[in-house]
Amino acid sequence: MTTTPPPEPSPLARSLRDEGVNADLVLIVDDVPDNLAVLHDALDESGYTVLIATNGEQALQRAAQARPDIVLLDAMMPGIDGFEVARRLKADAATAHIPIVFMTGLTETEHLVAALEAGGVDYVTKPIKPKEVLARMNVHLQGARRARQDARQAGQARNALDAFGYASITVRLPEGRLIWQTALARDLLHRYCETRAPETPPAVLEWLLRHTPDARQRGIEPPALSIAQGANSLTLRLHQQTGQDDDGDEWMIIMREVSDTGVIEAMSLSLKLTAREAEVLYWVVKGKTNKDIGEILGSSPATAKKHLERVYVKLGVETRTAAAGVAIKRIRELQPQFEI
């Protein structure tokens, strides 16, 4: 399950990678010098860049500074043991993504389970066999590379959404926690719903809980959710399921702010209407009567009718329905995200 991209490498990590010609960076943590020497030599010969730490404090410091690609971690050390080191690494957002392979002489089931529960992805037993370690490492490094690549691609896609005026969030169900958002999404949710992450707006959560069962089981896209605020509205569409585990699943939502003013201005320019004619036509598209339009614009139904008659002439149509049809077609061309 991926919720946020891994952090960028630190300057030290970039320097080490440059010197190692893009070699993977491995942090070995062990308080026994002989173990360090055996692993260091084997990894160095295989083209890895190697860092070493001889105790838990040193391991945490070096992991934070260098952000290695993988950690080989001795389970039993004086002071802070490997289990606690793993828990702290996983609790820190800067190092949580790093795969940890435990090295242990303890083969009892409870110790191996403890290693995995602390955050380890794998374990090797002592005495260490370098070929086995290399084989295990390669599997997890490949997985980490794919995760980084996926995160970069997802980040690029999300940035593109923001650049084109869209915004996106990811919500985890069933608890309804907002676990990721673009900068534009954060601003929109605060402006329209007065909420901030990790809180998901109640209206959005209710919409998700009502429609995600069909989206999950039958692949049906639910109707968009629209949240109005004066002349503007925020439209939300369910994009896709992005993660799933035993405790729940994650859903990405794409949002777009739609401004009545912006649509009216676009209609005025593209259809060569005056601002008031475009405004009247806009409310015709929205299904309003002349009486409704007069009340909205602070004029009489007769005035709305006169503006509409001039619209008919300019568009070359004879009926209200035909004028609305021309306007809808043009709106969809100019602002396809607009909800009619």
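Please read all numbers here as calculations on a predicted model, not as lab measurements.

S.K.: Which parts of the structure should I look at to understand unusual backbone geometry?
M.R.: With the exception of glycine, the majority of residues adopt a negative phi angle, and the majority of peptide bonds are in the trans configuration. Residue Pro-174 follows Leu-173 across a cis peptide bond; omega there is 10°. Within the element layout of this structure, Pro-174 appears in the loop between strand E6 (166-173) and strand E7 (177-181). Ala-197 connects to Pro-198 through a cis peptide bond whose omega is 10°. If you trace the backbone, Pro-198 turns up in the loop between helix H7 (183-193) and helix H8 (202-218).

S.K.: Can you help me understand the UniProt feature "modified residue: 4-aspartylphosphate" (unreviewed entry) in the protein in this one?
M.R.: Following the UniProt record, the feature "modified residue: 4-aspartylphosphate" (unreviewed entry) maps to Asp-74 here. Residue placement: Asp-74 occurs in strand E3 (residues 70-74). By relative accessible area, which is 3% here, Asp-74 ends up buried. When near neighbours in sequence (up to four residues on either side) are disregarded, Asp-74 contacts Val-29, Asp-30, Asp-31, Gly-82, Met-103 and Lys-126.

S.K.: Sorry if this is basic, but what is going on with the packing of helix H9 (residues 260-271) against helix H10 (residues 275-285) here?
M.R.: The description of two helices packed together rests on the angle between their axes and the distance between the axes. Relative orientation of the contacting elements H9 and H10 amounts to 120°, with a least axis distance of 9 Å. The handedness of the crossing between H9 and H10 is right-handed. Across from Asp-260, Val-263, Ile-264, Met-267, Ser-268 and Leu-271 in H9, the residues of H10 making contact are Ala-275, Ala-278, Glu-279, Leu-281, Tyr-282 and Trp-283. Residue composition of the contact of H9 with H10, by class: 9 nonpolar, 1 polar and 2 charged.

The rules we used
Residues numbered from 1 in each chain as written. Predicted model: local features only at pLDDT ≥ 70, side-chain atom pairs only at ≥ 80, totals over all residues. Heavy atoms only, no water. Helix = DSSP H or I, 4+ residues; strand = E, 2+ residues; numbered from the N terminus. UniProt positions renumbered as here; feature names shortened; annotations may be inferred. Buried < 20%, exposed > 50% of the residue type's maximum accessible area, 1.4 Å probe, protein only. Contact = heavy atoms within 4.5 Å. Axes fitted to C-alpha atoms, helices over the stretch in contact; angles between N-to-C directions. Left-handed = near helix turned anticlockwise from the far one by under 90°. Nonpolar A, V, L, I, M, F, W, Y, C, P; charged D, E, K, R; others polar.

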